[in-house]
Every structure is written in C-alpha cells, then in structure tokens.
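Structural characterization, general
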Amino acid sequence: MTKGFFKRFIPDRHKIRSYKHLQIFGNMHLDPSLWRWQCNSVAMAFSIGLFTAFMPIPFQMIMAATLAIIFRANLPVAVALVWITNPVTLPPIVYFAYKAGTHLITTAPVQLASESSWWMLGIRFGHYWKPLLVGLFTCAIVSAILANISIRVIWWFTTYLSTKKNERLRTRK
C-alpha cells in the first residue's frame, strides 16, 4: 500500500490541532504513534473505523477517535472510515443488517406496507429491533475482522512486490 494514497485525503496533525470537536482529547490525539502509516496501525484503524460505522449510536467519530487512541491505531483512518455509513449508504446497510439479523435469529421479517410512515415504523419498532441490532453487531464484527486481515494481506503483498522489484533493479546494475 502506498502511504501517499492515504495521505492525499487525510489532513496533517497540525491542521487537526485546530478542530474544536477534538479538544476533548486534549493533546492525546497529537501523539505521533497515532499518525504512523504502518501495517499494524492502519489495519487496526480499519477494524475500528468499520466496527464503529456499524454501531447504531450518535457521535461515531468520537467513539472511533477514542478507540484509536486506546488501541494506538491510525487516528485519521479510523475516524474517516466512520463515514462509510452516511445518509446515502445507511438505508441499504440497515436493510442488509436487518435481513442478516432475521436469518441469524431465525425470525420472519416484518413486512412493511408500501405506504409506511415514520409513525408506523415507530409503532412496529418493537418487532424489528432485535434482528436489526443482531445484524448490525454481526456486520460490525465481521467487517472489522475481514478488514484487518485484508489490510495485512494487501500490505504484505505490496511490500513483497516492491521488494522483488527493488531486487531486480539492483541486480541489473
């Protein structure tokens, strides 16, 4: 993986210092270990970011930043990945998680009328909150594990390829 690919999209820690919503962390978020572009740090950040993205809680970015600080993961990657669940992607993710939850706890899915309203959804929430939460937590755990493994494999593979390329270039000279 190229560090430059990620660094293009992530602000540097000196610019982050001015963000007001990160002031609750004091100077902890400026620790250099949270800004390293190493395999372990980035893989853990992907796990934290994806896990937090599937959590049905407000202030996911604060949770991701807190977990990144605790586990010494790459802070900007962890916080940025929370935005996988945004207003555009949230409905299909919630629907998929609900369907997965109904299969996991073997419950029949609740059929919504074509003219459902927010009021009707609120009344029926008692019928579908268990499969939804089971599905969200399952998606969070599975995506965190798969992301961690995938990043480590991709990182190893790209490092291996660049090492082989460098060896070939050295032998030519």
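In this text, all values refer to a predicted model and were calculated from it rather than measured experimentally.

Given a rise of 1.5 Å per residue, 15 residues ought to cover 21 Å, and the 21 Å separating the end C-alpha atoms of helix H6 (residues 90-104) matches this to within 8%. Those residues of H6 that sit buried are Ile93, Ala97, Tyr98, Ala100, Gly101 and Thr102. Once H6 finishes, Thr106 follows within two positions and takes phi at roughly 45 degrees, a positive value.

The bulk of non-glycine residues show a negative phi, and the bulk of peptide bonds are trans. Even without being glycine, Phe59 reaches a positive phi, approximately 60 degrees. With respect to the helices, strands and loops of the structure, Phe59 is situated in the loop between helix H3 (39-53) and helix H4 (60-71). Non-glycine residue Arg72 carries a positive phi angle of around 55 degrees. The topology assignment puts Arg72 in the loop between H4 and helix H5 (75-81). Since its relative accessible area comes to 43%, Arg72 is described here as partly exposed.

The rules behind each value
- Along every chain, residues carry numbers that run from 1 in the direction the sequence is written.
- Local features in this predicted model are restricted to residues of pLDDT 70 or higher, and side-chain atom pairs are both shown and tallied only at a pLDDT of 80 or more, whereas totals for entire chains, interfaces and linings draw on every residue.
- Side-chain measures were taken over the full set of non-hydrogen atoms in the model, leaving aside hydrogen atoms and water.
- Per the convention used, a helix needs a DSSP run of H or I reaching at least four residues, while a strand needs a run of E reaching at least two, with both numbered from the N terminus.
- Given a helix with a known number of residues, its expected span is that number minus one, times 1.5 Å.
- Working definition: with a 1.4 Å probe on protein chains only, accessible area under 20% of the residue-type maximum means buried, over 50% means exposed, and in between means partly exposed.

Purely geometric stuff here, so don't read any function into it on its own.
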